[in-house]
Amino acid sequence: KNLLFSEKRMIIKEYCIIAYMLIGIIPDVHQTTHFIKMVENNINRLDKLVFLGDYVDNWLEKIWWHIPEHNPVNTINKVVSYKQNYPAKIDLLLGNHCLSYLSKNPKSKLVSGHQHEHDMEIAQAFLNNIEHFKIAVEYDGWVISHDGFSNTWVNNQKEKGFAPDKENIIDWCNKMLLKKNFHYFDWTGKLSPSGDEVTQTPT
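Everything numeric in this text was worked out from a predicted model, so none of it was measured.

Thresholds applied
- Residues numbered from 1 in each chain as written.
- Predicted model: local features only at pLDDT ≥ 70, side-chain atom pairs only at ≥ 80, totals over all residues.
- Heavy atoms only, no water.
- Helix = DSSP H or I, 4+ residues; strand = E, 2+ residues; numbered from the N terminus.
- Buried < 20%, exposed > 50% of the residue type's maximum accessible area, 1.4 Å probe, protein only.
- Contact = heavy atoms within 4.5 Å.
- Polar contact = N/O pair within 3.5 Å; in protein donor to acceptor, adjacent residues only side chain to side chain.
- Pairing = 2+ DSSP bridges.
- Phe/Tyr/Trp six-rings, centres within 6.5 Å; stacked < 30°, edge-to-face > 60°.

Asker: So what exactly am I meant to see when it comes to the environment of Val39 here?
Answerer: For Val39, the position within the fold is in helix α1 (residues 34-42). The class for Val39 is buried, based on a relative accessible area of 1%.

Asker: For this particular structure, what's the right way to read helix α6 (residues 169-178)?
Answerer: Think of an α-helix as turning once every 3.6 residues; residues three or four places apart then point the same way. Of all ten residues making up α6, seven are buried, and the element is well covered by its neighbours. For α6, the set of buried residues is Ile169, Ile170, Trp172, Cys173, Asn174, Met176 and Leu177. On the buried face of α6, the contacting elements are β6 (133-134), β7 (136-139), β8 (142-145) and α5 (151-156). N-capping of α6 is provided by Asn168, with a side-chain oxygen placed 3.0 Å from the backbone N of Ile170. At the exit of α6 stands Lys180, carrying a positive phi of roughly 65°.

Asker: What's the story with the sheet that holds β6 in this structure? I'm lost.
Answerer: Pairing between the strands of a sheet is mediated by backbone hydrogen bonds and can be parallel or antiparallel. Here four strands make up an open sheet; going across it, the order is β3-β4-β5-β6 and the pairing parallel. Each edge of the open sheet carries a strand with a single partner, namely β3 (23-26) and β6. Alignment of strand β4 (residues 48-51) against strand β5 (residues 90-93), held across three bridges, turns out to be parallel. Across the sheet, residue Val50 finds its bridge partner in β5, namely Asp91.

Asker: Would you mind showing me how to read the side chain of His70 here?
Answerer: Within the secondary structure, His70 sits in the loop between β4 and α2 (72-85). The buried category is assigned to His70, whose relative accessible area is 14%. When sequence neighbours within four positions are dropped, the list of residues in contact with His70 reads Gln31, Thr32, Thr33, Trp64 and Thr75.

Asker: I would appreciate a short explanation of the packing of aromatic side chains in the present structure.
Answerer: For any pair of aromatic rings, the description rests on two quantities: the centre-to-centre distance and the angle between the ring planes. The final tally for this structure, using the stated rule, is nine aromatic pairs. Their ring planes at 75° and their centres at 5.9 Å tell us that Phe35 and Phe51 sit as a pair that is edge-to-face. Taken as a pair, Phe35 in helix α1 and Phe51 in strand β4 lie far apart in primary sequence, 16 residues in all. One exposure class covers both Phe35 and Phe51, and it is buried. Ring centres of Tyr55 and Phe133 lie 5.8 Å apart, and the angle between their planes is 55°; on these two criteria the pair is classed as tilted. In this pair, Tyr55 sits in the loop between β4 and α2 while Phe133 sits in strand β6, placing the two residues 78 residues apart along the sequence. As far as the burial class goes, Tyr55 and Phe133 line up, both buried. Ring pairs connect the aromatic residues Phe35, Phe51, Tyr55, Tyr82, Phe126 and Phe133, which therefore count as one cluster.

Okay, structure coming up:
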């Protein structure tokens, strides 16, 4: 047989050995608690665990602010605590529901379920932990982000200082996030209320 698979999906073929990472993906949390079981049951067997963002806003239950395990600030602090406990294993990405609190652009706050009455508290929770978040990561040739990168959006970033001959777009995005250039990643609803068009950001 040419192929041999192990727990970490190591492929041995002829004289070439390629070790693939075992990566877990946790999609939009939206103030639920399902992610806790996923982390605690799988963290020791994974090489990486990536949260795709949107930790806040649950449009079905507005009263969740008053329930500690579903409170948006507590949810943010909980995922950050996992990152602090497993810094090499866990990546926390940001989505449009996260950037809607960080951005000064009123259009970005039009995402469904935005908690206008708690805007400042949620924004501060993200700001207090901004060094723990990223826009995107890349592992084994796979780019992981909340949404995706279109060529149109990437090319548009050259006007903001992105130099493709000097760095890749993922590193540039993560650097801009740490510099708090949140407006670079605004969701504007242009052409599509869901952001499903080529000028929209990877969040």
